[in-house]
Amino acid sequence: MPAMRPTRLVPISCRQGTACRVLALLAGLLFAGLSGAAPRALVVQNEPHLQHARALVAAALAAGGVEAELVDAPHGNERRNLHMISDGHVHVDMMPVTPARLRLVREGRLRMIPIPLDRGLLGYRINLLLERRRDMLAGVRSAADLRRFNMGQNVGWMDVEVYRGAGIATKEIKDWADGEFALQMEAGLLDLFPLGLEETLTHFLPHFRKKFPQLTIDPHVIIRYPWYRFVWVSPKADADEVYDALSRGFKMLVDSGEFLRIWERYRRVPSPDVLRGRVVIDIDNPFYGPELVPPAWRWLQILPEAP
Amino acid sequence: MTPVPDSPPPRPRRPLFRQFVRQLLAPLLLAFVLATLGTVLIAYQTKQGEEIAERERTLETFARSLVKPLWDCDNATASGILDALAHQPAVLAARLDERCQGQHLLAGAAWDETGEGAGKATVGRLPIVYEDERGREFALGELAVAFHPPSIAAVMLEVLWRYLALFSALFGVLLGGTLLIFRRMISEPLARFQAAIRASAGSGDLAPLEEEMHRHNDELGDVMRAYDELMIKLASVIGQLRDNETVLQEAARRDPLTGLGNRLALEEELTRALARARRSGEPGCVLLLDLNRFKPINDTWGHAAGDNVLQETARRLSEALRASDTIVRLGGDEFVVIMENLQDRENLPGLIAKLGEIIARPQPYGEHGLTVGASIGTACFPADGETSAALLAHADRAMYASKRGR
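Residues numbered from 1 in each chain as written. Chains lettered and ligands numbered in written order. Predicted model: local features only at pLDDT ≥ 70, side-chain atom pairs only at ≥ 80, totals over all residues. Heavy atoms only, no water.

Draft legend 1. How the structure looks around the overall build of chain B. Within chain B, the regular secondary structure consists of ten helices and ten strands. A compact globule built from 406 residues should have a C-alpha radius of gyration of about 22 Å, whereas chain B, at 57 Å, is more than 25% larger. Taking the contacts inside chain B whose residues are at least 6 apart along the sequence as the reference set, 63% of them involve residues at least 24 apart. Of the roughly 24,100 Å² that chain B leaves accessible, carbon and sulfur atoms contribute 59%. Between the averaged position of the 45 positive side-chain charges in chain B and that of its 54 negative side-chain charges there is a distance of 8 Å. (Helix = DSSP H or I, 4+ residues; strand = E, 2+ residues; numbered from the N terminus. Rg over C-alpha atoms; globule rule 2.2 N^0.38 Å. Contact = heavy atoms within 4.5 Å. Areas by Shrake-Rupley, 256 points an atom, 1.4 Å probe, with all protein chains shown as cover. Lys, Arg positive; Asp, Glu negative; His and termini not counted. Charge placed at Lys NZ, Arg CZ, Asp CG, Glu CD.)

Draft legend 2. Seen up close, a nonpolar patch on the surface. Taken together, B:Leu230, B:Met231, B:Leu234 and B:Ile238 make up a surface patch of nonpolar side chains, about 310 Å² in accessible area. Assignment of secondary structure puts B:Ile238 in helix α5 (residues 219–252). (Patch = residues over 30% accessible without salt bridge, like charges linked within 9 Å, V, L, I, M, F, W, Y side chains within 5 Å. Salt bridge = Lys/Arg side-chain N within 4 Å of Asp/Glu carboxyl O.)

Draft legend 3. Region of the structure containing the state of the cysteines. All names here are of chain B. Under the counting rule described, the total for this entry stands at two disulfides over all chains. Shown here is the disulfide that connects Cys-73 with Cys-100, its sulfur atoms set 1.9 Å apart. The sign of the S-S torsion, about 95 degrees, decides the handedness of the disulfide formed by Cys-73 and Cys-100: right-handed. Taken together, the residues span a long stretch of sequence, with Cys-73 in the loop between α1 (16–71) and α2 (75–86) and Cys-100 in the loop between β1 (91–98) and β2 (104–108) at a distance of 27 residues. The pair formed by Cys-73 and Cys-100 is uniform in burial state, with each residue classed as buried. In this model Cys-285 forms its disulfide with Cys-380; the gap between the sulfur atoms is 1.9 Å. Disulfide Cys-285-Cys-380: torsion about the S-S bond near 85 degrees, hence right-handed. (Disulfide = S-S within 2.5 Å. Buried < 20%, exposed > 50% of the residue type's maximum accessible area, 1.4 Å probe, protein only.)

Draft legend 4. Up close: the domain arrangement of chain A. All names here are of chain A. Assigned domains of chain A: these are domain 1 (7–119 + 229–266) and domain 2 (121–227 + 273–298). If you look at the interface, domain 1 gives 23 residues, while domain 2 gives 18 residues. On inspection of domain 1 and its partner domain 2, the count reaches one salt bridge. The partner of Glu-199 in a salt bridge is Arg-229, and the shortest N-O contact between them spans 3.4 Å. At the junction of domain 1 with domain 2, the criterion picks out four residue pairs in polar contact (both at pLDDT 80 or more). (Domains from an automatic or database assignment. Polar contact = N/O pair within 3.5 Å; in protein donor to acceptor, adjacent residues only side chain to side chain.)

Draft legend 5. View of the interface of chain A and chain B. Facing the 19 residues of chain A at the interface are 17 residues of chain B. Here chain A packs against chain B, burying approximately 1,400 Å² in sum over the two surfaces, 47% of which is carbon and sulfur. Seen at the junction of chain A and chain B, the total is one salt bridge. Note that A:Lys174 is salt-bridged to B:Asp74, the shortest N-O span being 2.8 Å. For the side of chain A that touches chain B, the secondary structure elements donating two or more residues are β3 (68–72) and α3 (78–86) of chain A. At four residues, the largest contribution of residues to the side of chain A that touches chain B is made by α3(A). (Buried area = accessible area lost by both parts, 1.4 Å probe.)

Take a look at the structure:
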C-alpha cells in the first residue's frame, strides 16, 4: 500500500453560518499565532478507507488551533497500532474501540476522543463471501443460524470476541487487507468475512475485487452490534497539545456542522435499499454498549432503516 | 699358547634398496605429517571462519523472519520461529526481547540470568528493525542466540580423516614411485655392472663392462670408469709385483758374491737333471769342490781377499766347464758342478785334475798372489744315487776321501 505524502493543513473555516466560520477562523489564527511556530509534524494513521477520519482529524486540529503537518503512520495491525500509539511513536490514530484500548485509557496509557467517526455505521456488518456461494445465508434469521458458518476476522480484532460471544465460530487470519481471505474461502476454511457496511460498499468491495473478483457481498443478512471508531491520542507529553486541540476542534466541528459536511465529502449514508431484503441480526458487544458515545455526540449516529 | 679369537660373525647384508627406503621413510613421513597437520590447521581455520559466517547468516535470516511477526505483535508466530531457531544444530538457546508486548521469549536450553547465554556458548545479538514504505526504521526488539562453542575436536576430525586419506594415498604413490625410480636408476644398473664385472673377470673380456660404461653417461658411469682405471692401475701394480717376485726368486736362487746358483738352485737343478737323465738314460755326474787353504787367506788377508778368491774361483770354473754344466756355490768355500750327458766317464778324472790345476793357479790380490787348492769328490748318476741327497752325500764322502788322501 503506497504511503501518502505529508499534507500541510490550514485551519478550515465553518461553511455554515458566518459567525461560526469567523469564530473558527479566529480561534485557529489565535492558536497558531500563539504558538508562533512552524507547523509541527504529527504522525497520524492513514489508510485508504480512513480518508474521512483523517480529514476530520485534520480539520479538528486546525479548528483546535494546531497547525500541523500530518505524517503517515506506518501500517500495521491493531496490536502494532496500539503499541505504536501508546508508546508515543504515533500521535493520533482512528481505530475502533476495543477492550485493550479501553483498558489502556483506564490505565492512562492512551487518550480517547469518543467521537463516532463512522457515525455508528461500523456496527453494521455485511458479509463478504464467494460469488458462487452468494445465497448461502438465504435462510438465516438469527445469530443461532449463523453458527453453522465459519467466520474470518483479522488477528486481534475485537469483533472476534463479539462473534465468539454470540456462539459463532470465528477464525483469526493474518492477511486480509487485499482480500486474501478469498483463498481460504476457496479452500473451505472460511465461509464469511464480515466488515463494516459503509466502508465495504464504499471502499473494500471494489478494492478486494481487483485481486479477487470472485468476492461479493451477501444480500441476505446484516449483523449489528455497538461498534465505534474513535480518535485516539498518544499519552505522551508531546501529544498534550494535540489532544487538547482535537477535543476542542471536534466540539467546534460538530457544533458548527462542519463534521457532517466533511464526512459526507468522503462517505455516504447507505441507501435504504441496502437493507431491503436483508435480515438485521443484533448481537451483543460484550465489552461496551452505545452509552460509550457521549450524549452530545450520539446524534451523529445514523440508524438506517429498511424502507 | 694364545687362543685364536673367533672370527666376528658376518655382518648382515644391507642392500642399498633397503637403506634407501629406511632413510627416505623418516623425512618423507615427517614431511607428510607436517603437510597433513598444516592442511588440517588451515582447513580448521577456514571451517571456523565459515562457521562464524554461517552463524551470522543464521542470526540474520531468523532476525529477518521475525520482522513481520514482531511488527504484527504476533508472539505466537515469533515463538514458533524462535523454536525453529533453537532446533538449528549450532544453536544452544535463543532469546527474543520484543517491545510490542514487552515480553522475553526463550527457546532451547536454559538462558542464564545474566542474559549472556548459557555457559561458554558464543552469543550473537541482532536488533530487529522494521523499515516501512517511507524508509523509517522502528526497533522491534532484539534477538540473541547462544551458539554451541565450536568443537575443535569435531572440526579437526572431520577434516583430518579427509586429508589423512588424501595424504596417505599421495604418500603411497610418492614412495612407490620413488622406489621404482630408485630400482630402475640405481639397483638395476648396479646389478648390470656387477654382472659385467663378473663376466669380465671370468672371461677377461672387457666388452660387457665397456658397454655398460658407454650406456651410462652419468655418476654411475663415472664410478665404473674410475673402477676401470683402478683396475688398470692394479693390473700394472700386479705385473710389477710379479716381476719383482721373479727377481726376488732369482735372487733367492743365486749367490750374490759369485753370481752362481746357490744351494736352492742346486736342489732344483739337480732334481731336474736327474729327471732328464731318467728320461734320456744319459748318465751325469756331480762334482763337489772344497777349497783348500782358504781359511788362512780369510784369516790373514781378510774377508775381502777371501771373497775375491771365491769370485775368481767361480769365474775360472765357469770358463773351464761347458755352458750346459751347472755350477753352484754351496756355501763357504764349497762349489758343486752338475754335468749331464757324460757318455764317456773315462775323461772325468782328467777333468777333475784340470779343474784342480785351474783352481790352484795363483790368484793376484794387490801386489800379492794368493793360492788355494781344491779337493773334489764325484758322484755319478744313476750309478751313485738317484736322488740329490744321495748324490751329494756320495760326492761329499768322495771329496773328504780326496782331502784325506792329499
